[in-house]
Amino acid sequence: MHGVPLKIASLQIRSLIHNPALFTVLVLAGEEIPDLLQHLASEHPDTDPLIAAVNRYHRAEEARHLSFARTVLPEMWDEASAVERFRVLRVAPIGIRGLFDLFVHPGVYESIGLPGWKTWRAVRSLPTRVALRHAATRPIVAALRDAGAVTTVPKGWRDLAGVDHAGNPVPGDVRLPGIATA
Ligand SMILES: [Fe+2]
């Protein structure tokens, strides 16, 4: 990476370093989403045993990161400025939605002969994918609640995680094998 993209990336990194609460929330997203995907992959009977074992091992490794992020979030939140809090409450859910959507690259669909971006867009709104997004992001809302960052959950987070104003799951998601849904 060089030129303008490098400048933008380094500005973003610098901004995140100075916004530790926002950074921690994004870390949580980057940990919770793969944790759920790997949980599902490792427990699915059709998963190759080696892949299942690697996923289990990786989840165990990553558990420390999840626990660390949850532990430090209250302190980070206490010290966050009004601008940083606004970014956590209003902007972060938009970014996390994009992050979730990009966990499956359009090239995956192309590799099985489907149109990449067209399929990617269609899959984003399937009930199973929405239920998966809700299940993957609800723990982040719970961490925000535990940190005292939200009492009334903002709209972006409610939509992202399928929760109500209090942060409780809104019933109606399709059932996903291996996940307890609302
Ligand atoms: Fe990690």
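Each chain carries its own residue numbering, running from 1 in the written order of its sequence. With the structure being a predicted model, the display of local features is reserved for residues of pLDDT at least 70 and the display and counting of side-chain atom pairs for 80 or more, all residues being used for whole-chain, interface and lining totals.

Peer 1: Please set out the overall build of the chain residue by residue, giving values where relevant.
Peer 2: Scanning the chain for helices and strands turns up eight helices and zero strands. Relative to the globule expectation of 16 Å for 182 residues, the C-alpha radius of gyration of the chain, 17 Å, shows essentially globular dimensions. C-alpha extents for the chain along the principal axes are approximately 45 × 45 × 30 Å. Long-range contacts, defined as pairs at least 24 residues apart, comprise 64% of the intrachain contacts of the chain with a sequence gap of at least 6. Helix and strand labels come from DSSP, where a helix needs a run of H or I of at least four residues and a strand needs a run of E of at least two; each type is numbered from the N terminus. The globule rule used here is 2.2 Å times the number of residues to the 0.38 power, and the radius of gyration it is set against is calculated over C-alpha atoms. We call two residues in contact when their backbone-placed C-beta atoms lie within 7 Å.

Peer 1: Pulling in residues and values, what's your account of helix H2 (residues 20-43)?
Peer 2: Here the expected span of a helix is defined as 1.5 Å times the quantity of residues minus one. Here H2 is 24 residues long and its end C-alpha atoms lie 34 Å apart, about the 34 Å a rise of 1.5 Å per residue gives. The exposure scheme places C-beta atoms from the backbone and then counts, for each residue, the other C-beta atoms within 10 Å of its own, assigning buried at 20 or more, exposed at 12 or fewer, and partly exposed in between. Every buried residue belonging to H2 is among Ala21, Leu22, Thr24, Val25, Leu28, Ala29, Glu31, Glu32, Ile33 and Leu36, and all of these are buried. The inward-facing, buried residues of H2 contact helix H1 (3-17), helix H3 (49-79), helix H4 (82-101) and helix H7 (127-146).

Peer 1: Give a description of the packing of H2 against H4 that names residues and reports values.
Peer 2: Across the interface, H2 lies against H4 with an axial gap of 10 Å and an inter-helix angle of 25°. Our classification of the angle between H2 and H4 gives roughly parallel. Crossing of H2 against H4: the hand is right-handed. Contact residues: H2 offers Ala21, Leu22, Val25, Leu26, Ala29, Gly30 and Ile33, while H4 offers Glu84, Arg87, Val88, Ala92, Gly95, Ile96, Leu99 and Phe100. Along the lines of polarity and charge, the residues of the contact of H2 with H4 split into eleven nonpolar, two polar and two charged. Interaxial angle, 0 to 180 degrees, is taken between N-to-C directions of lines fitted to C-alpha atoms, where a helix line uses only the stretch in contact. We call two directions roughly parallel when the angle between them is under 35 degrees, roughly antiparallel when it is over 145, roughly perpendicular when it lies between 65 and 115, and oblique otherwise. Helix crossings get a hand from a simple test, with the near helix turned counterclockwise from the far one by less than a right angle marking a left-handed crossing and a clockwise turn marking a right-handed one. Under this grouping Gly is polar, as are all residues other than the nonpolar Ala, Val, Leu, Ile, Met, Phe, Trp, Tyr, Cys and Pro and the charged Asp, Glu, Lys and Arg.

Peer 1: Hey, could you go over H3 for me, with residue numbers and the actual values?
Peer 2: Taking 1.5 Å as the rise per residue, H3 with 31 residues should run 45 Å; its terminal C-alpha atoms sit 45 Å apart, in good agreement. Along H3, the sharpest kink reaches roughly 40°, centred on Leu73 and followed within four residues by the proline Pro74. By the burial criterion, the buried members of H3 are Asn55, Ala69, Leu73, Met76 and Trp77. Lining the buried residues of H3 we find H2 and H7. Think of it this way: the bend at a residue is just the angle between two axes, each fitted to seven residues, one set ending at that residue and the other starting at it.

Peer 1: Any chance you could break down the nonpolar core for me, citing the residues and the numbers?
Peer 2: In globular proteins that are soluble, nonpolar side chains generally tend to be buried together. Formed by 30 residues in total, the largest nonpolar core has its most connected members in Ala21, Val25, Leu73, Trp77, Ile140 and Val141. Where this core is concerned, the elements lending two or more residues are H2, H3, H4, H7 and helix H8 (155-161). Other than its neighbours up to four places away in sequence, Leu73 contacts Ala21, Thr24, Ala143 and Ala147. Under the definition applied here, buried Ala, Val, Leu, Ile, Met, Phe, Trp, Tyr and Cys residues are grouped into a nonpolar core through C-beta atoms within 7 Å.

Peer 1: Which residues make up the confidence of the model for the chain, and what values go with them?
Peer 2: For the chain, mean pLDDT is 93; residues scoring 70 or higher make up 98% of the total. As a per-residue quantity, pLDDT reports the predictor's confidence and falls between 0 and 100. Within the chain, the element-level pLDDT minimum falls on H1, averaging 82, and the maximum on H8, averaging 98.

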